[in-house]
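Next come the chains, spelled out residue by residue.
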Amino acid sequence: MLARLRSKRVAAALIAAALTVPVLAACGGDDKDSVVVYNAQHEELIAAVAKKFTAETGIKVELRNGSDLELANQLVAEGKRSPADVFLTENSPAMAVVDAKGLFAPLPATTLDRIPAQYRPTNGHWTGFAGRSTVLVYNTAQVQEADLPASLMDLAKPEWKGKVSFSPTGADFQAIVAGVLALKGEPATKAWLAGLKANGTVYDGNNVVLKSVNNGDTATGIIYHYYWYRDQEEAGDNSKNTALHFFGKKDPGAFVSTSGAGVLANGKHNANAEKFVDYLTSKDGQQVIADSYALEYTLNPEVPLGREVKPLGELDPPAVGISDLDSARVVELMQDAGFLA
């Protein structure tokens with residue numbers, strides 16, 4: 001089902017690229033002081049974490065970068081032949097794809113216990129290490145605060161026709177749809193997607209959505225929080241005419257997507273892989289994330305983000321089983337709605 005996202009030729013090219021372009025120093029698969037990471041999180045962020053990890057442990061990190069489902073499908077296709085030791089994602093549905101195939105090794109309790117239970121699966125096969133809150137960015141000249149929707153689901157109503165934008169092709173929006181599906185069920189999700197199709201403007205990328213709202217091309221946009229906060233920390237050129245609406249109240253629009261990390265059971269450097277994932281959840285590793293450009297939420301309570309960002313503890317997100325996010329069904333529903341080919 002997921003293979004319909006791209007032709008076999010494109011998929012093969014992406015896999016080849018992912019396997020041949022490491023971000024950090026390339027290291028041989030037989031190097032005992034190394035670890036191979038299939039990375040779908042932001043390259044700059046994980047490169048910073050990897051650099052600090054190497055400095056502290058002497059273990060070299062080879063990053064092979066790609067997108068969530070691209071690398072998940074690659075891992076499934078490679079199976080026991082994969083050179084990967086660790087898998088990192090931006091959003092958790094791709095972790096569930098790999099876990100369903102039995103490719104993860106259980107993580108030690110010392111690693112898992114640092115992260116609150118809602119941000120890791122009950123089976124302990126992987127863990128969250130960063131979070132991203134769904135938000136609605138709005139043009140303050142076009143939408144008054146009093147007129148903002150009470151729920152993300154309201155954006156499918158006729159009164160929002162021509163007033164909402166989003167980027168449906170990326171893993172970010174698909175994770176949000178997965179949250180809606182888990183919370184509201186399939187009929188409501190289908191109706192919501194149909195309403196967005198009728199009401200919305202589609203862009204390629206969350207930064208493009210943000211810019212379009214800032215320019216007044218669309219009144220509102222569905223994004224993750226950090227796109228807006230990053231622009232504000234810089235010159236604010238793409239956000240100065242906008243504000244953020246946090247839905248809260250356990251609404252689907254308050255969904256917090258979790259970036260995941262897991263150790264591959266068939267990796268060649270299991271001890272190093274465990275150390276790397278443990279570092280991601282440790283105070284030192286989480287501090288690298290907190291200090292970075294990313295402005296994503298740290299999930300270890302001992303290391304709050306501590307920036308000019310609405311605190312994680314104030315988001316009031318809905319309770320979503322992190323292992324219940326069905327990426328395959330989401331893709332099908334979005335294809336049926338006309339958002340994906």
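Residues numbered from 1 in each chain as written. Predicted model: local features only at pLDDT ≥ 70, side-chain atom pairs only at ≥ 80, totals over all residues. Heavy atoms only, no water.

Concerning the packing of helix 8 (residues 206-214) against helix 9 (residues 225-233)
Here helix 8 crosses helix 9 at 65 degrees, and the two axes come no closer than 10 Å. Our pair here, helix 8 against helix 9, has a crossing hand that is right-handed. Facing Asn 206, Asn 207 and Leu 210 of helix 8, the residues of helix 9 in contact are Tyr 227, Trp 228 and Asp 231. Looking at the contact of helix 8 with helix 9 residue by residue, the class counts come to 3 nonpolar, 2 polar and 1 charged. (Axes fitted to C-alpha atoms, helices over the stretch in contact; angles between N-to-C directions. Helix = DSSP H or I, 4+ residues; strand = E, 2+ residues; numbered from the N terminus. Left-handed = near helix turned anticlockwise from the far one by under 90°. Contact = heavy atoms within 4.5 Å. Nonpolar A, V, L, I, M, F, W, Y, C, P; charged D, E, K, R; others polar.)

Section: the nonpolar core
Phe 87, Trp 192 and Ile 222 are the most contacted members of the largest nonpolar core, which has 76 residues in total. Per-element tally for this core: the top contributor is helix 6 (residues 171-184), with 7 residues. Ranked by size, the runner-up nonpolar core spans 28 residues in total, among them Leu 45, Val 49, Leu 63 and Leu 112. (Core = buried A, V, L, I, M, F, W, Y, C linked by side-chain atoms within 4.5 Å. Buried < 20%, exposed > 50% of the residue type's maximum accessible area, 1.4 Å probe, protein only.)

Let's talk about the pairing of strand 2 (residues 60-65)
In the case of a regular strand, side chains alternate between the two sheet surfaces. Burial within strand 2 is extensive, with 5 of its 6 residues counted as buried. Since strand 1 (residues 34-39) and strand 2 lie parallel, the crossover through helix 2 (residues 43-57) that links them has a hand, and here it is right-handed. (Right-handed = clockwise from strand over helix to strand, strands pointing away.)

Examining the environment of Phe 129
Within the secondary structure, Phe 129 is located in strand 5 (residues 127-139). Phe 129 sits in the buried class, given a relative accessible area of 0%.

Regarding the pattern of salt bridges
Evaluated as defined, the whole model comprises 12 salt bridges. Between Glu 296 and Arg 132 there is a salt bridge; the shortest N-O distance is 3.1 Å. On the criterion of sequence distance, the pair formed by Glu 296 in the loop between helix 11 (283-291) and strand 11 (297-298) and Arg 132 in strand 5 is long-range, its members being 164 residues apart. We classify Arg 132 as buried; its relative accessible area is 0%. Of the charged contacts in the structure, one is a salt bridge between Glu 186 and Lys 190, with a shortest N-O distance of 3.5 Å. Placement of the pair is Glu 186 and Lys 190 together in helix 7 (residues 186-199), with a separation of 4 residues, close to one helical turn. Since its relative accessible area comes to 28%, Glu 186 is described here as partly exposed. For Lys 190, a relative accessible area of 43% puts it in the partly exposed group. Through salt bridges with shared partners, a single ionic network connects Glu 90, Arg 132, Asp 172 and Glu 296. (Salt bridge = Lys/Arg side-chain N within 4 Å of Asp/Glu carboxyl O.)

A closer look at the packing of aromatic side chains
Centre-to-centre distance and the angle between the planes together describe a pair of aromatic rings. Tallying each qualifying case throughout the model produces 8 aromatic pairs. On the basis of an interplanar angle of 90 degrees and a centroid distance of 5.1 Å, the ring pair of Phe 53 and Phe 276 is categorised as edge-to-face. Of the two residues, Phe 53 sits in helix 2 while Phe 276 sits in helix 10 (residues 270-281), which places them 223 residues apart along the sequence. Each member of the pair Phe 53 and Phe 276 is classed as buried. Between Phe 166 and Phe 339 the ring centres are 5.4 Å apart and the planes differ by 85 degrees, which places this aromatic pair in the edge-to-face class. Of the two residues, Phe 166 sits in strand 6 (residues 164-166) while Phe 339 sits in the segment after helix 12 (327-337), which places them 173 residues apart along the sequence. Grouped by ring-pair contacts, the aromatic residues Phe 166, Phe 173, Trp 192 and Phe 339 constitute a single cluster. Its end group placed over the ring of Tyr 227, Arg 230 keeps NZ or CZ at 5.9 Å from the ring centre. (Phe/Tyr/Trp six-rings, centres within 6.5 Å; stacked < 30°, edge-to-face > 60°. Lys NZ or Arg CZ within 6 Å of the ring centre and 35° of its normal.)

Some remarks on the environment of Val 143
Mapped onto the elements, Val 143 comes out in the loop between strand 5 and strand 6. The class of Val 143 is buried, set by a relative accessible area of 7%. Residues Val 143 and Ala 219, spaced 76 residues apart in sequence, show a C-alpha to C-alpha distance of 6.7 Å. Discounting chain neighbours no more than four positions away, the residues touching Val 143 are Tyr 138, Leu 148, Trp 160, Ala 219 and Thr 220.

Overview of the packing of helix 2 against helix 10
Contact pair helix 2 / helix 10: the axes reach a minimum separation of 11 Å and the direction vectors enclose 120 degrees. By the criterion of interaxial angle, the relationship of helix 2 to helix 10 is oblique. Crossing of helix 2 against helix 10: the hand is right-handed. Of the residues in helix 10, those in contact with Val 49, Ala 50, Lys 52, Phe 53 and Glu 56 of helix 2 are Asn 272, Lys 275, Phe 276, Tyr 279 and Leu 280. Class assignment of the residues belonging to the contact of helix 2 with helix 10 gives a composition of 6 nonpolar, 1 polar and 3 charged. (Parallel < 35°, antiparallel > 145°, perpendicular 65-115°, else oblique.)

Quick word on helix 4 (residues 93-100)
For helix 4, a buried count of 7 out of 8 residues is recorded, marking the element as mostly surrounded by other parts of the structure. Listing the buried residues of helix 4 in full gives Pro 93, Ala 94, Met 95, Ala 96, Val 97, Val 98 and Asp 99. Among the structural elements, helix 3 (68-78), strand 3 (86-88), strand 4 (104-105), helix 6, strand 10 (256-264) and helix 12 are those in contact with the buried residues of helix 4. With its phi angle positive at about 70 degrees, Gly 102 sits one or two positions after the end of helix 4.

Structural notes on the pairing of strand 5
The buried fraction of strand 5 is high, at 13 of 13 residues. Bridging between strand 5 and strand 10 involves 6 bridges; their strand directions are antiparallel. Its bridge partner being in strand 10, Gly 128 is matched across the sheet by Gly 260. Where strand 5 meets strand 11, 2 bridges bridge the pair, whose relative direction is antiparallel. Looking across to strand 11, one finds that Gly 131 is bridged to Tyr 297. (Pairing = 2+ DSSP bridges.)

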